[in-house]
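Below, each chain spelled out in residue letters.
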Amino acid sequence: MLAKRIIPCLDVKNGRTVKGVNFVDLIDAGDPVQLAKQYAKMGADELVFLDISATIEQRKTMLDMVFQVAEQVNIPFTVGGGISSVKDVDALLKCGADKVSINSSAIKRPELINELSNKFGNQCIVVAIDAKQIDGEWIVYLAGGTISTQLNLFDWAKEVEQRGAGEILFTSMDNDGTKNGFANDALCRLSEELHIPIIASGGAGTVQHFIDALQKGNADAVLAASVFHFGEIRILELKKELKNNNIEVRL
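Overview of the structure. None of the values given here were measured: they were computed from a predicted structure. (Residues numbered from 1 in each chain as written. Predicted model: local features only at pLDDT ≥ 70, side-chain atom pairs only at ≥ 80, totals over all residues. Heavy atoms only, no water.)

**Focus: the nonpolar core**
Argument step 1. Of all hydrophobic cores here, the largest spans 73 residues; its most connected members are L47, L153, F170, F210 and F228.
Argument step 2. For F228, the contacting residues outside a window of four places in its chain are I6, I7, P8, Y39, F210, I233, I235 and L238.
Argument step 3. Residues C9, L50, V126 and A221 belong to the second largest nonpolar core, which totals ten residues. (Core = buried A, V, L, I, M, F, W, Y, C linked by side-chain atoms within 4.5 Å. Buried < 20%, exposed > 50% of the residue type's maximum accessible area, 1.4 Å probe, protein only. Contact = heavy atoms within 4.5 Å.)

Structure representation (structure tokens):
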């Protein structure tokens, strides 16, 4: 059985880690490089850095920060935000990123997934999908959750897999920052319908929420932000509790 992964997420804006609720009301959560260093020591399996305003501000992810993180941590990390070309990905990987996450650019030009997968291998291509329920249907959003599309979550996820994505990072916008638990029904359906790993995002508040996402949602990894940033849940203690619930993790 493959070990389940615990992934702290660092949403970065203007060089600082921030955290909000339902994608708004952002507050400062610290220096991303120092936080990354701490998480690597604390037992995180991977890290995700999302430059959350890069797409909206039409600029590229900060290469300097990526280089600094690569120098400081010894665990894999994914970088996303404002990535729209083979050239962008090449630069990030050369600076030390292990994977890249694309979202809005993949929706606007789905062929980008094929191009990146063919060039770099699907193991380093993560497609992030932000979605919320509208009249009972999961609808995909782009540009940091600010623009609604006509895409259905499950249809888009299948296309993403077919085009060569290696993983999907699914964030429930309804659950994001609420600390009320993950969208386990949607996670379970994604897991059943796809053959690539699903990372659960949006809603971590308690250890039980992680257990539920991994057992009921059948996620391959769980991503969280504020509960880690503000010390509400310690990664090592979380992993021990997961072990106690017969969930395979690396200790």
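**Overview of the packing of helix 8 (residues 207-215) against helix 10 (residues 235-244)**
Between two packed helices, the angle of one axis relative to the other and the distance separating the axes together describe the packing.
Argument step 1. Remark: helix 8 packs on helix 10, axes separated minimally by 10 Å, with the N-to-C direction vectors making an angle of 50 degrees. One way to sum up the angle between helix 8 and helix 10 is to call them oblique. Taken as a pair, helix 8 and helix 10 cross one another with a handedness that is right-handed. Contacts between helix 8 and helix 10 involve V207, F210, I211 and L214 on the former and, on the latter, L238, E241 and L242.
Argument step 2. Residues belonging to the contact of helix 8 with helix 10 are distributed by class as follows: six nonpolar, no polar and one charged. (Axes fitted to C-alpha atoms, helices over the stretch in contact; angles between N-to-C directions. Helix = DSSP H or I, 4+ residues; strand = E, 2+ residues; numbered from the N terminus. Parallel < 35°, antiparallel > 145°, perpendicular 65-115°, else oblique. Left-handed = near helix turned anticlockwise from the far one by under 90°. Nonpolar A, V, L, I, M, F, W, Y, C, P; charged D, E, K, R; others polar.)

**So, the side chain of D130**
Argument step 1. Inspection of the secondary structure assignment puts D130 in strand 7 (residues 125-134).
Argument step 2. Given the relative accessible area of 8%, D130 is considered buried.
Argument step 3. Side-chain polar atoms of D130 contact the side chain of N103, separated by 3.1 Å. (Polar contact = N/O pair within 3.5 Å; in protein donor to acceptor, adjacent residues only side chain to side chain.)

**Digging into the packing of aromatic side chains**
Argument step 1. For the structure on display, the rule yields five aromatic pairs.
Argument step 2. Pairing F182 with F210 gives two aromatic rings, centres 6.1 Å apart and planes at 70 degrees, and the pair type is edge-to-face. Placement of F182 in the loop between strand 10 (167-172) and helix 7 (184-193) and of F210 in helix 8 is noted, with a sequence separation of 28 residues between them.
Argument step 3. Plain terms: the ring middles of F210 and F228 are 5.8 Å apart, the flat faces sit at 40 degrees to each other, and that makes the pair tilted. (Phe/Tyr/Trp six-rings, centres within 6.5 Å; stacked < 30°, edge-to-face > 60°.)

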